[in-house]
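Listed below are the residues making up each chain.
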Number of protein chains: 2
Amino acid sequence: MADKSKILIIGGTGYIGKHVVEESAKSGHPTFALVRESSVSDPVKGKLIENFESLGVTILFGDLYNHDSLLDAVKKVDIVISTVGHMQIPDQVNIIAAIKEAGNVQRFLPSEFGNDVDHLHSVEPLTSAFARKIKLRRTIEAEGIPYTYVCCNYFAGFFLPTLCQFGVQAPPRDKVSILGDGNAKAVFNEENDIATFTIKAINDPETLNKVVYIRPPLNTNSMNELVTLWENLIGQTLEKTYVPEEELLKQIEASPPPFNLLLALNHSVFIKGDHANFDIDPAVGFEATEIYPDVKYTTVEEYLKRFV
Amino acid sequence: MADKSKILIIGGTGYIGKHVVEESAKSGHPTFALVRESSVSDPVKGKLIENFESLGVTILFGDLYNHDSLLDAVKKVDIVISTVGHMQIPDQVNIIAAIKEAGNVQRFLPSEFGNDVDHLHSVEPLTSAFARKIKLRRTIEAEGIPYTYVCCNYFAGFFLPTLCQFGVQAPPRDKVSILGDGNAKAVFNEENDIATFTIKAINDPETLNKVVYIRPPLNTNSMNELVTLWENLIGQTLEKTYVPEEELLKQIEASPPPFNLLLALNHSVFIKGDHANFDIDPAVGFEATEIYPDVKYTTVEEYLKRFV
């Protein structure tokens, strides 16, 4: 493992973080996870930490708000990946400060793992939420920290098991609700695959100071295409209700957080098409399956087949 | 209106904030709302701002991150109510700084409007989220700023229309999922009523440096009681599935944000009973319907009747 870069994950017990920690360890990188000491006794996070240890991950105690712990952790590694939650996006300035002070870090991946925030047509409260990610990008760039931004668009595990219907337990077999005209293309990637592409990208000189867009053609589907795919798989036709933008905006206004944020995200993705309504500029970034064609990723159809 | 205290609401275009702005204006208080200039052109927030203006609310442009705008706004009023969203909880230190500098504010209500965060039995990610509210409370107290904390527990509009089932569109008529043994008591209050009690509390010398718990006996129900109430209203019996704590913890671990946070909140409320598993200490606070018995609030039964 001498030639493998050392990786620190901050936020490793989070939803996408745990996949990144696992993938990093399994691919032979000396892997460090910064976790709070209190997480060990938490019923949810404690089990994840045990699993990390069984994979050979070095657990470091500390957090985003303890500069010494952050600095010590950053000094041990070559690459820092942040997968902190949406509430901690601005507080990643503390990681930037530690990286600047340490001086040894070759690449920083801030917590992105969603839309490309520099390509947005959003309404509130999403505009403000994404403004925090945009501000962090500009800070990283101004500080001259080497970076890669991973834009994986939608998590498959979040949207596909319900065919993008909130709160149902399985893909619908009778009726389905479609936002707008159903033609805007959205992108769905399985969490394991996101981690695989992320770990591929971190050592790649091509992706230095670039955006990695995970946008596999087979996983780039409009809601209409997704519903047709599902209908073909189950051999049934669903009753479709189309929700106009005006109606969705009313729902956003009437919904408490965090549902208003989720609905505003769906507005950006399914009404405005923000996952795929722009061509990838090679000066800015690359599409992951194009630069890593050897990765065997799960397609949307394969994913949906699990629910037939 | 000369004898009515002047009220500033920060976060007034938010879910609970808009009710507080309306109630403040309707009850005759000179009312100011600090909003971002960009919100005027936002399809969702722009309409709310128009409505505020029609109620005679003075719109001030600015935000939490612009100290001058905050200071100017704070200087105009007697009472500051923050209803900012959960992502901005820590950034309320900026309001505290402005209040300290201005020196004229008689009472500050930080953005609470949920559980009493000093009475918690929570798992992650809720523990960390509520730690931010706890830290803010301690900062307010250490700075000697006069405060009132409003703990309204659950928003009725969030939970009752679905009988606490995520994602369904109406209260269930066939089957219902119940967390734990269904006996922990939760508290549900209609958003208008929360605003009414809040505006009542702000000028009350009794509630200075105290917690106002909105916990009306008729709105304090276990899931089992809630289901029985609903069954009686519709004259039907539902099929009940009980979800054990262990299963809920697994769901929390597997769910992406913000669903893991919502599930962890349900764990605190429906498994641990954190809304009502403690007696209100008169040295700490008061129950709202006891100190304001004249307020005609909506009961859970009245609320549910709307869906029969």
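Residues numbered from 1 in each chain as written. Chains lettered and ligands numbered in written order. Predicted model: local features only at pLDDT ≥ 70, side-chain atom pairs only at ≥ 80, totals over all residues. Heavy atoms only, no water.

Where an unreviewed UniProt entry is consulted, chain A appears under the name Isoflavone reductase-like protein 4 isoform 2, with the organism given as Tripterygium wilfordii.

**Q** In this structure, what is going on with the sheet that holds strand S7 (residues 154-155) of chain A? I would like to understand it.
**A** Either a parallel or an antiparallel arrangement is found when strands of a sheet pair, and the pairing is made through backbone hydrogen bonds. Residues and elements named next belong to chain A. With respect to topology, 3 strands assemble into an open sheet ordered S7-S9-S11, the strand pairing being mixed. Whereas interior strands pair on both sides, the edge strands pair on one side only; in this sheet they are S7 and strand S11 (220-222). Looking at chain direction, strand S9 (residues 185-189) and S11 are connected through 3 bridges and run antiparallel. Each residue of the ladder has a partner; that of Ala186, found in S11, is Asn221. (Pairing = 2+ DSSP bridges. Helix = DSSP H or I, 4+ residues; strand = E, 2+ residues; numbered from the N terminus.)

**Q** How should the pattern of salt bridges be read in this particular structure?
**A** Where charged atoms from two side chains of opposite charge come close, those side chains can pair. Scanning all chains against the criterion turns up 28 salt bridges over all chains. Between Glu190(A) and Arg306(A) there is a salt bridge, with the nearest N and O atoms lying 3.1 Å from each other. With a gap of 116 residues between them, Glu190(A) in the loop between S9 and helix H7 (191-202) and Arg306(A) in the segment after helix H12 (300-305) connect regions that are remote in the sequence. The class of Glu190(A) is buried, set by a relative accessible area of 12%. With its nearest N and O atoms 3.6 Å apart, the salt bridge here joins Lys272(B) to Glu245(B). Of this pair, Lys272(B) sits in the loop between helix H10 (259-271) and strand S13 (285-287) while Glu245(B) sits in helix H9 (residues 245-254), and the two are 27 residues apart along the sequence. The class of Lys272(B) is partly exposed, set by a relative accessible area of 35%. (Salt bridge = Lys/Arg side-chain N within 4 Å of Asp/Glu carboxyl O. Buried < 20%, exposed > 50% of the residue type's maximum accessible area, 1.4 Å probe, protein only.)

**Q** Mind showing me how you'd approach the packing of helix H5 (residues 126-142) of chain B against H10(B) here?
**A** A pair of packed helices is captured by two measures, namely the crossing angle of their axes and the spacing between those axes. All names here are of chain B. Close contact between H5 and H10 brings their axes to 9 Å; oriented N to C, the two are set at 80°. Considered as vectors, H5 and H10 are oriented roughly perpendicular to each other. In this structure, H5 contributes Leu126, Ala129 and Phe130 to the contact, and H10 contributes Leu261, Ala264, Leu265 and Ser268. Each residue belonging to the contact of H5 with H10 can be placed in one class, and the counts come to 6 nonpolar, 1 polar and no charged. (Axes fitted to C-alpha atoms, helices over the stretch in contact; angles between N-to-C directions. Parallel < 35°, antiparallel > 145°, perpendicular 65-115°, else oblique. Contact = heavy atoms within 4.5 Å. Nonpolar A, V, L, I, M, F, W, Y, C, P; charged D, E, K, R; others polar.)

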